Amino acid sequence: MAEAQTAYPSRAVKIIVPIGPGGSYDLVGRLLADALTKRMGQAFVVENKPGAGTVVGTQAAAQSEADGYTLVVGGLSNMAFNSALYSKLGYDPRKDFVPVALVYKFGYVMVGRKDLPQATLPDIVAAAKASPGSITVATAGVGTGQHLVAAAFMKAAGIKLLEVPYKGSPPAFTDLLAGRVDLFFDSIAAGLPYVQSGQARGIAVLSSKRSPLAPDVPTMSEAGVPGLDVDSWLGIFAPAKTPPEAIAKLRREIRAALPDLKERFEKSGGEAWDLPDDKLDGFVASEYDDWTKLIREAGIKLD
């Protein structure tokens, strides 16, 4: 057993990124692959495996050998959302995976068109309560993080907005800036440039504290909608039954690499995150439960 512990990894390790190149999943996968390659003396190789959102790549990881040589980047989409969005999912995030490390998180911001008559969150909530569906909110597609954050906001605020679906964030922002849609929720990194340039209005951030990138934009709680602290998170997951010694070694090396990744994560609009090992299972389980409940109550399906 001692030899096996010492030997891992004795060959290349594959990290499946369940989306195409670009974006936060890819960022986390590539930065960790580079860091672990340097630290562990074996190649950690990223394989982008997109399809059906994050389903195809995650399912491939679930079906791979549980030997520590196939890992997957996991986040809200593939480890929390998909089980509720799909009637028949080819993997079970609770049974088929173990969280190795959660390393990155980023917040969301609610942005409004610059000439929106309702200048503050209380104004928006009041108008939506007085006339349900009178205010429009763009979504980046059914079941996306942007869509589900909007659903979480409507539930927390007790209001109904008129949802306008788009195929991704860019066309949603195009119509928001042109004044054809009222509101949009996206990552702070994606939304803030439009706020800072004056092309859109920052209404509130969906986190427990103000973003250092937007200190003038209040949190939801500060603006009158308490209990809506939403962070998107990403990390590395391994197939269930991966040898504990491999998991333990990966955890040690990822934790040791995080200080060197802090600046890169912050430049991307997020932050490095080091959730203690004994908190991982409980945190992921609670996120799964909370989002599954919300998605089912909202009646959102992808099949």
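Above: the structure in question.
Residues numbered from 1 in each chain as written. Predicted model: local features only at pLDDT ≥ 70, side-chain atom pairs only at ≥ 80, totals over all residues. Heavy atoms only, no water.

**Overview of the side chain of Thr 136**
Argument step 1. Structurally, the position occupied by Thr 136 is in strand β5 (residues 136–139).
Argument step 2. Note on Thr 136: relative accessible area 14%, which makes it buried.
Argument step 3. Looking at Thr 136, its side chain comes within polar contact range of the main-chain nitrogen of Asp 182, at 2.9 Å.
Argument step 4. With residues near it in sequence (within four places) discarded, Thr 136 still touches Leu 162, Val 164, Val 181, Asp 182 and Leu 183. (Helix = DSSP H or I, 4+ residues; strand = E, 2+ residues; numbered from the N terminus. Buried < 20%, exposed > 50% of the residue type's maximum accessible area, 1.4 Å probe, protein only. Polar contact = N/O pair within 3.5 Å; in protein donor to acceptor, adjacent residues only side chain to side chain. Contact = heavy atoms within 4.5 Å.)

**Section: the pairing of β5**
Argument step 1. What you see with β5 is no split at all: Thr 136 and Ala 138 on one side and Val 137 and Thr 139 on the other are buried throughout.
Argument step 2. Relative to strand β6 (residues 162–165), β5 runs parallel, the two sharing 4 bridges. Along β6, the bridge assignment pairs Thr 139 with Pro 165.
Argument step 3. Crossover connection from β5 via helix α7 (residues 145–157) to parallel β6: handedness right-handed. (Pairing = 2+ DSSP bridges. Right-handed = clockwise from strand over helix to strand, strands pointing away.)

**Quick look at the side chain of Arg 113**
Argument step 1. Relative to the assigned elements, Arg 113 resides in strand β4 (residues 97–113).
Argument step 2. Side chain to side chain, Arg 113 and Asp 182 meet in a polar contact 2.6 Å long.
Argument step 3. For Arg 113, the contacting residues outside a window of four places in its chain are Leu 176, Gly 179, Val 181, Asp 182 and Arg 201.

**Observations regarding the pattern of salt bridges**
Argument step 1. Under the counting rule described, the total for this entry stands at 17 salt bridges.
Argument step 2. Several salt bridges share partner residues, and in doing so they unite Lys 14, Glu 47 and Lys 49 into one network. (Salt bridge = Lys/Arg side-chain N within 4 Å of Asp/Glu carboxyl O.)

**A short note on the nonpolar core**
Argument step 1. In terms of nonpolar packing, the biggest core is built from 89 residues, with Met 110, Phe 153, Met 220 and Trp 291 touching the most fellow members.
Argument step 2. Residues Val 109, Ala 138, Leu 192 and Val 217 belong to the second largest nonpolar core, which totals 17 residues. (Core = buried A, V, L, I, M, F, W, Y, C linked by side-chain atoms within 4.5 Å.)

**Topic: the packing of helix α2 (residues 23–40) against helix α10 (residues 244–267)**
Argument step 1. Interhelical geometry of α2 versus α10 gives an angle of 120° and a closest axis separation of 9 Å. The orientation of α2 relative to α10 falls into the category oblique. In terms of crossing hand, the pair formed by α2 and α10 is right-handed. From α2, Leu 27, Val 28, Leu 31, Leu 32, Ala 35, Leu 36, Arg 39 and Met 40 reach across to α10, where they touch Lys 249, Leu 250, Glu 253, Ile 254, Ala 256, Ala 257, Leu 261, Arg 264 and Phe 265.
Argument step 2. Across the contact of α2 with α10, the residue classes break down as 13 nonpolar, no polar and 4 charged. (Axes fitted to C-alpha atoms, helices over the stretch in contact; angles between N-to-C directions. Parallel < 35°, antiparallel > 145°, perpendicular 65-115°, else oblique. Left-handed = near helix turned anticlockwise from the far one by under 90°. Nonpolar A, V, L, I, M, F, W, Y, C, P; charged D, E, K, R; others polar.)

**Re the packing of aromatic side chains**
Argument step 1. Under the criterion given, the structure shown has 12 aromatic pairs.
Argument step 2. Ring geometry for Tyr 8 and Tyr 69: centres 5.3 Å apart, planes at 70°, overall edge-to-face. You can see Tyr 8 sitting in the loop between α1 (2–7) and β1 (13–17) and its partner Tyr 69 sitting in the loop between α3 (55–62) and β3 (70–75), a full 61 residues away along the chain. Accessibility classification places Tyr 8 together with Tyr 69 in one group, the buried group.
Argument step 3. Plain terms: the ring middles of Trp 273 and Phe 283 are 5.2 Å apart, the flat faces sit at 80° to each other, and that makes the pair edge-to-face. Residue Trp 273 is found in the loop between β10 (271–272) and α11 (277–298), and its partner Phe 283 is found in helix α11; the two are separated by 10 residues along the sequence.
Argument step 4. Judged by relative accessible area, Trp 273 falls into the buried class, the value being 14%.
Argument step 5. Within the aromatic cluster, the residues linked to one another by ring pairs are Tyr 104, Phe 106, Tyr 108 and Phe 265.
Argument step 6. Looking at Arg 11, its charged tip hangs above the ring of Tyr 69, at a distance of 3.8 Å from the centre. (Phe/Tyr/Trp six-rings, centres within 6.5 Å; stacked < 30°, edge-to-face > 60°. Lys NZ or Arg CZ within 6 Å of the ring centre and 35° of its normal.)

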